[in-house]
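Results of the structural survey
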Amino acid sequence: MSELLLRTAGTEGMTAVSNIFIDYFMKEANGEFVKVYLYLLRCLGDQCMSVSVAGMADALDHTQRDISRALAYWERKGLLQLEYTADGELRGICLTEPEPPVVKREPAAKLTIQAPKPERAKIVIPKADNVIQMDSRIREHQYSADEICLLGKDSNVQEVLWFTERYIGHPLSPTESNYVLFWYDGMGMSADLIEYLVEYCADQNHKNIHYMNKVAMNWVQEGVATVDDAKSRDVSYGDLYHIVASGFGISGRSLTAGEREYLDRWSSFPGELVAEACKRTTLKIGRPSFQYADSILGSWKAQGALTMDEVKRLDENHKQAQKRKFTTAAQPKEPAPGDRFHNFNEHGYDYATLQKLLIQQS
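Predicted model, so just to flag it, every value in this text is computed and none were measured.

What follows concerns the overall build of the protein. Along the protein, the regular secondary structure elements total 16 helices and two strands. Looking at the 362 residues of the protein, the share that counts as buried comes to 32%. Here the contacts in the protein between residues at least 6 apart in sequence split such that 63% fall between residues at least 24 apart. Of the roughly 24,200 Å² that the protein leaves accessible, carbon and sulfur atoms contribute 52%.

Time to look at the layout of surface pockets. Computed from the structure, the largest pocket encloses a volume of approximately 520 Å³. Considering only residue class, the lining of the largest pocket consists of eight nonpolar, three polar and six charged.

In contact at an axis separation of 10 Å, helix 8 (residues 174-186) and helix 10 (residues 209-222) are set at 15° when each is read in the N-to-C sense. On the basis of their axis angle, the class for helix 8 and helix 10 is roughly parallel. As helix 8 packs across helix 10, the resulting crossing turns out to be left-handed. From helix 8, Glu176, Tyr179, Val180 and Trp183 reach across to helix 10, where they touch Ile209, His210, Met212, Asn213 and Ala216.

For the pair helix 9 (residues 191-203) and helix 10, interaxial distance at closest approach is 10 Å and the crossing angle is 125°. Considering their axes alone, helix 9 and helix 10 lie oblique with respect to each other. In this structure, helix 9 meets helix 10 at a crossing whose hand is right-handed. On helix 10, the residues that touch Leu193, Tyr196, Leu197, Val198, Tyr200 and Cys201 of helix 9 are Tyr211, Met212, Val215, Ala216 and Trp219. Counted by class, the contact of helix 9 with helix 10 contains eleven nonpolar, no polar and no charged residues.

Right, let's get into the nonpolar core. Trp183, Met189, Leu197 and Trp219 are the most contacted members of the largest nonpolar core, which has 36 residues in total. At the level of secondary structure, the elements contributing two or more residues to this core comprise helix 7 (155-168), helix 8, helix 9, helix 10 and helix 11 (227-248). In contact with Trp183, not counting residues within four places along its chain, are Gly188, Met189, Ile194, Leu197, Val198, Ile209, Met212, Asn213 and Ala216.

This brings us to the pattern of salt bridges. Tallied over the entire structure, the rule returns eight salt bridges. With a shortest N-O distance of 3.6 Å, Arg76 and Glu159 are connected by a salt bridge. Residue Arg76 is found in helix 4 (residues 64-76), and its partner Glu159 is found in helix 7; the two are separated by 83 residues along the sequence. The class for Arg76 is buried, based on a relative accessible area of 19%.

Attention now goes to unusual backbone geometry. Even without a glycine there, the phi angle at Asp61 is positive, about 60°. Structurally, the position occupied by Asp61 is in the loop between helix 3 (53-60) and helix 4.

Here we come to the pairing of strand 1 (residues 80-84). As paired strands, strand 1 and strand 2 (residues 90-95) are joined by five bridges and run antiparallel to one another. The partner of Gln81 across the bridge, within strand 2, is Cys94. Here strand 1 folds back onto strand 2 in antiparallel fashion, the turn holding five residues, of which Gly88 has a positive phi close to 85°.

By relative accessible area, Glu159 is classed as buried at 14%. As for Glu159 and Ala191, which are separated by 32 residues in sequence, their C-alpha atoms are 7.6 Å apart. Beyond its immediate stretch of four places on either side in the chain, Glu159 contacts Tyr73, Arg76, Lys77 and Glu195.

For the rest of this paragraph, the subject is the confidence of the model for the protein. Here the protein averages 77 in pLDDT, while 73% of its residues score no lower than 70. When mean pLDDT is taken per element in the protein, helix 14 (residues 290-302) scores highest with 93 and helix 5 (residues 131-140) scores lowest with 41. For residues 104-140, every residue scores under 50 in pLDDT, and the model assigns this stretch 47 contacts once sequence neighbours within four places are set aside.

Right, let's get into the packing of aromatic side chains. The tally for this structure, following the rule as stated, stands at 13 aromatic pairs. The interplanar angle of 35° and the centroid separation of 4.9 Å between the aromatic rings of Phe33 and Tyr73 together place this pair among those described as tilted. Taken together, the residues span a long stretch of sequence, with Phe33 in helix 2 (residues 31-44) and Tyr73 in helix 4 at a distance of 40 residues. Across the pair, Tyr73 and Phe33 agree in class, each one buried.

Turning our eyes to something else, we now look at the side chain of Asp66. Topologically, Asp66 is positioned in helix 4. Given a relative accessible area of 5%, Asp66 falls into the buried group. Dropping the residues within four chain positions of it, Asp66 is found in contact with Glu32 and Lys231.

Basis of the calculations
- Residues numbered from 1 in each chain as written.
- Predicted model: local features only at pLDDT ≥ 70, side-chain atom pairs only at ≥ 80, totals over all residues.
- Heavy atoms only, no water.
- Helix = DSSP H or I, 4+ residues; strand = E, 2+ residues; numbered from the N terminus.
- Buried < 20%, exposed > 50% of the residue type's maximum accessible area, 1.4 Å probe, protein only.
- Contact = heavy atoms within 4.5 Å.
- Areas by Shrake-Rupley, 256 points an atom, 1.4 Å probe, with all protein chains shown as cover.
- 1 Å grid on protein atoms, 1.4 Å probe; cavity = no way out; pocket = protein on both sides within 12 Å on 5 of 7 lines; lining within 4 Å.
- Points joined across faces, edges and corners; volume = space filled by probe spheres on them.
- Nonpolar A, V, L, I, M, F, W, Y, C, P; charged D, E, K, R; others polar.
- Axes fitted to C-alpha atoms, helices over the stretch in contact; angles between N-to-C directions.
- Parallel < 35°, antiparallel > 145°, perpendicular 65-115°, else oblique.
- Left-handed = near helix turned anticlockwise from the far one by under 90°.
- Core = buried A, V, L, I, M, F, W, Y, C linked by side-chain atoms within 4.5 Å.
- Salt bridge = Lys/Arg side-chain N within 4 Å of Asp/Glu carboxyl O.
- Pairing = 2+ DSSP bridges.
- pLDDT = per-residue confidence, 0-100.
- Phe/Tyr/Trp six-rings, centres within 6.5 Å; stacked < 30°, edge-to-face > 60°.

Okay, here's the thing in structure tokens:
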């Protein structure tokens, strides 16, 4: 195939990109991250453009979470520095001059023998949703100092540990580090997915490593293997998940596989009906019950009530029927034949005639 001739018709309105970025950084980066970096260069060349996380999200059709992840990634790569206020709010971005990565070469005469990488602990994910049992098994696996040393040479491990520490807000304890290592080495989660997991939990004000671990195990059970899988999972349930979680007071955990099956069935109902079913369930039996709420929704659907107005109509009809039943039950009954207060045969006497006979005889 012949070579292509590349040229431009002008130089106005162009953004300069460092060749070092193209040669050394671009090919290893996520495509979304590259777009964020290029957009920052574009903004840097036009002082009239305002820069904000929300603005970049709108311009690139990303979420603000995606923008934050991209900024954190490029900061780790040394291409920018993020500046924060005392309250931890992002206030500035300083783009640095890209530099080629330093490649360390061993002397030719020196032979380096790499120690074998420790085998990843194998997990058999049970079909039952027994999170507590799985969690106890994971805690039993403690990485030795040698394993940690070997894993620490992996650049991906270095990144996820740094990222997790940044979001948790304090240096990682041995237990916290062990969990992160297990997600990557034992559960086979990618570095990108772990970063998304940590950010996902932190955005919901859950920075506890044990909470993050439960979410990680649920994702593995659900077959979540990439960031796109995790995002699709969030979108598929969307507001319905928050409605049910709020109605049943569920917090600190993800839904089990069985509970998610109910959400799949309820997706055809308006959110207000699902919320009402959850509310009536807790008021009636005093505890959350997906099965009971499902029976309420099924009853409404069978009676053709698919809106709150129609449900209110059913409630009013039921109320009137109960009122009529109570009124009928409260009315006095006519004495039945053979009643113990009226169990004799009446005689057909003419009391006026009897009175005349008595007078004549007197």
